[in-house]
Amino acid sequence: MPWNIGFLGAGPGVAALHLPTLGYLDGAFRVVHLADAGSGRARLLAESTGARWSQGEAQLLADPAVDVVAICSPPAEHPRQILQAVAAGKGAIFCEKPLALTHADADEVVAVCRAAGTLLLVGTNHLFDSAWGRAKHHLVALEGRVQAVSVTLCLPPNGRYHELVAEGGPFLPVRRGRPDLSDPQVAQGVLHQLLTGLAVHDVPALRDLAPVIDGVIYARLVPPIGYAVGYRAGDVLVQLAMTMVPQGADALWKMVVETSQDRLEVDFPPAFVHAGSAATRVRSTGGRWTEYRREAEDGYTAEWRVLAELLDGGMPVEYDELLADAHYAIDLADAAAVKLGEGYNA
Amino acid sequence: MREPRKRVPVFTELPGYGAAVASMAVSTVPADGAAGAIVVLSGHDDWWDGVLAAQAAGAAAVVVAAPLVAPTDAVQGLLDNAAVPVLLERPRLRPDVVKQLVDALADAPPSLVTVECSAVAPEAAAVIHDALGWARAIGQGRLALQSASTTLHGSIGLLQASGADGPLDITLMVNVVNSGRPGGFLRLTCLGEVLATVTVDVPAGVASLDVATEKGALRLPTCLEATERLALRRALQALEGGHIPADLAGLLDDSQLSASFIPGRVERLFRRSASV
């Protein structure tokens, strides 16, 4: 029997990502309800899936057919909607990243889910990409000491990828006018949003490699939209760089792990598409490159498969890990925003 | 009948330069001494003293092969006192690949640049110099250090170039590995509408430039000329043109900035060798 899902949110992440992804899961899930905040997009999506639709959260949460609530709304709504879903007695929640934007919210939602026994999974899809598992295995097996990590992104507009996986677009996110980056608080908010919204994809990996953030060395916003953030975590140095470009090459999303003896590169495929796992290459200090075989399954499909296993009782929910990831992302975004503010004051 | 071209004598004991002279048989000839010759020195030890000694011995130009260290006072001293062209062969900063990159980005300057490099400790300073040389080349001007931090085994930091296209942020990440074949690794990524990636992997014999746009990806022709031959050719050009190349000035800039990026174990190594 498939698990019945209700989606809170009907933006591009649902239309061009999760709904098409579920098609790869052999009927493990069935969409029964979609809700939006008034955009009318839930109705359009519901028509093509045969699901019910509603506006706001109440009807979906009261719908007895919904087993799993998938929270795909704007990040600020996530904690409140998780709490409401638990209060409504829902047994499982898929929450798009980030889980929360404040430490207090993260603590509360995890505590409430744990106490209620509600299954919880956060959609940091890179964590579920088999290439990351392979990379971790390499790092552990060769016992190289991790010394530096970089994550570099250069992203063209998502629309290019939406149309490869879904119909009915363009699926444009809500337009919010151009922020006034000369205002330090606005700039800090934008950086915080970019780190908790994009960099968060790699936070589980970064926390593995560089567990405790000791200090942000630099933090910049990069035009037109982007960031450059460097921080120190014990003896590990981390460099995060991102730009979004109005036009441009295929998406670059590369994680590099520099150890005492080699360099490991993980190239993630573009967002939205189902192009298999990331590609992992290792360069030994002798200049020999080794490329690992890619897997057919991508991180998006894998994360839903893990949710199905959780629902089937095949594995426990890692509440502590989810909470630690959330705290790490918030710590990083808070510290980077403070550093950015110092630059404005100077 | 045309007059045979006058061949410029080259005085060198370095095998790579011997090969370069052999491959430039029309324009160069091996020499027995420094007087009137292009003198090629190894970049190990106190090469800056060797440059002045070669000049005193009558060298027409000096090429320094792969300078390993570059104390700022020594390089400044050369800038003040060298009257002949001084060319630096920096294996990870090939002028031909630099030109390819600058040309590729001419119409679409990047919005952010990252430079990553790794090397064994004895070569780390030279690799950092070359990494900063790339940053300088892409920034089209002087770089200002914004912030940096070092650990025992690495460093990261942010630089800003104030080039013709406005301020450009450039990040640098350095990693010191425990062992490996000589030469080091360097990767420069220019993020923007033109996504350009330079990879210089000396042990692997790679010096490549990949350029990608919305139309597709292109690997530029591999620069296959030996770095020794390229340096020698540049020395000939300097002599023919009667100009002093900017190599030393560039190295001085790179050396000054590198002080903030030298990892702890490399610093220790320098201190140990200085005290011997």
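The rules behind the values
Residues numbered from 1 in each chain as written. Chains lettered and ligands numbered in written order. Predicted model: local features only at pLDDT ≥ 70, side-chain atom pairs only at ≥ 80, totals over all residues. Helix = DSSP H or I, 4+ residues; strand = E, 2+ residues; numbered from the N terminus. Rg over C-alpha atoms; globule rule 2.2 N^0.38 Å. Buried ≥ 20, exposed ≤ 12 C-beta atoms within 10 Å, placed from the backbone. Contact = placed C-beta atoms within 7 Å. Nonpolar A, V, L, I, M, F, W, Y, C, P; charged D, E, K, R; others polar. Domains from an automatic or database assignment. Pairing = 2+ DSSP bridges. Axes fitted to C-alpha atoms, helices over the stretch in contact; angles between N-to-C directions. pLDDT = per-residue confidence, 0-100. Core = buried A, V, L, I, M, F, W, Y, C linked by C-beta atoms within 7 Å. Arc of directions from axis to C-beta.

Caption draft 1: Highlighting the overall build of chain A. A tally of regular secondary structure across chain A gives 12 helices and 14 strands. Expected size for 346 residues packed as a compact globule is a radius of gyration near 20 Å; at 20 Å, chain A falls within 12% of this value. Taking the principal axes of its C-alpha atoms as reference, chain A extends roughly 60 × 45 × 45 Å. Residue burial in chain A is summarised as follows: out of 346 residues, 54% are buried. Sequence-distant contacts, at least 24 apart, represent 70% of the contacts inside chain A between residues at least 6 apart.

Caption draft 2: Up close: the environment of Phe11 of chain B. Residues and elements named next belong to chain B. With respect to the helices, strands and loops of the structure, Phe11 is situated in strand β1 (residues 8–11). Judged by local crowding, Phe11 falls into the buried class, with 23 C-beta atoms found within 10 Å. Spatially, the C-alpha atom of Phe11 lies 6.0 Å from that of Ala34, the residues being 23 residues apart in sequence. Contact partners of Phe11, with chain neighbours within four places excluded, come to Ala31, Gly33, Ala34, Ala37, Val39 and Val40.

Caption draft 3: Structural detail: the interface of chain B and chain A. Each partner contributes to the interface: chain B provides 39 residues, whereas chain A provides 36 residues. Contributions of two or more residues to the side of chain B that touches chain A are made by β6 (112–120), β7 (143–150), β8 (154–163), β9 (166–177), β10 (185–191), β11 (195–201) and β12 (206–213) of chain B. Here the side of chain B that touches chain A is composed, by residue class, of 14 nonpolar, 19 polar and six charged.

Caption draft 4: Inspection of the domain arrangement of chain B at higher detail. Residue and element names in this part refer to chain B. According to the domain assignment, chain B contains domain 1 (8–91 + 227–245) and domain 2 (95–219). Computed from C-alpha coordinates alone, the two centres of domain 1 and domain 2 are separated by 26 Å. At the junction of the two partners, domain 1 supplies nine residues and domain 2 supplies 10 residues. Split by residue class, the side of domain 1 that touches domain 2 holds seven nonpolar, no polar and two charged.

Caption draft 5: Region of the structure containing the sheet that holds strand β5 (residues 86–89) of chain B. Residue and element names in this part refer to chain B. The strand order across the open sheet formed by five strands is β2-β1-β3-β4-β5, and the pairing between neighbours is parallel. The sheet is open, and its two borders are formed by β2 (28–30) and β5, each paired with just one other strand. Between one strand axis and the next, the sheet turns by 25° as a mean value, whatever way the strands run. With two bridges joining them, β1 and strand β3 (residues 38–42) adopt parallel strand pairing. Residue pairing for β3: Phe11 is matched across the bridge by Val39. In this fold helix α2 (residues 47–56) packs onto β3, β4 (61–65) and β5, with an angle of close to 160° to the strand it touches most, β3.

Caption draft 6: Molecular detail of the confidence of the model for chain B. Taken as a whole, chain B shows an average pLDDT of 94; of its residues, 97% reach a score of 70 or greater. Model confidence for the complex is summarised by a pTM of 0.94, with the ipTM given as 0.93.

Caption draft 7: Seen up close, the nonpolar core. One finds Ile93 of chain A together with Ile38, Val63 and Ala135 of chain B to be the most contacted residues of the largest nonpolar core, which totals 208 residues. With 11 residues, the single largest contributor to this core is helix α12 (residues 319–345) of chain A. Residue contacts for Val63 of chain B: discarding those within four places in its chain leaves Ile38, Val40, Leu87, Glu89, Ala231, Leu232 and Ala235 of chain B.

Caption draft 8: Highlighting the sheet that holds strand β2 (residues 29–36) of chain A. All names here are of chain A. If you trace the six strands from one edge of the open sheet to the other, you get β3-β2-β1-β4-β5-β6, paired in parallel fashion. One side of each edge strand has no neighbouring strand; the edge strands of this open sheet are β3 (52–55) and β6 (119–122). Shown here is a sheet whose adjacent strand axes are inclined to one another by a mean of 20°, direction ignored. As defined by bridge partners, β2 adjoins β3 across four bridges and the pair is classed as parallel. By the bridge assignment, Ala35 is partnered in β3 with Ser54.

Caption draft 9: Region of interest: α2 of chain B. All names here are of chain B. Of all the positions in α2, only Trp47, Trp48, Val51, Ala54 and Gln55 are classed as buried. Seen from one end, α2 has its buried residues packed into an arc of 120°, which puts them on one side. Considering only its buried residues, α2 is in contact with β3, β4, α3 (72–81) and β5. Positive backbone phi, approximately 95°, marks Gly58, located one or two places after α2.

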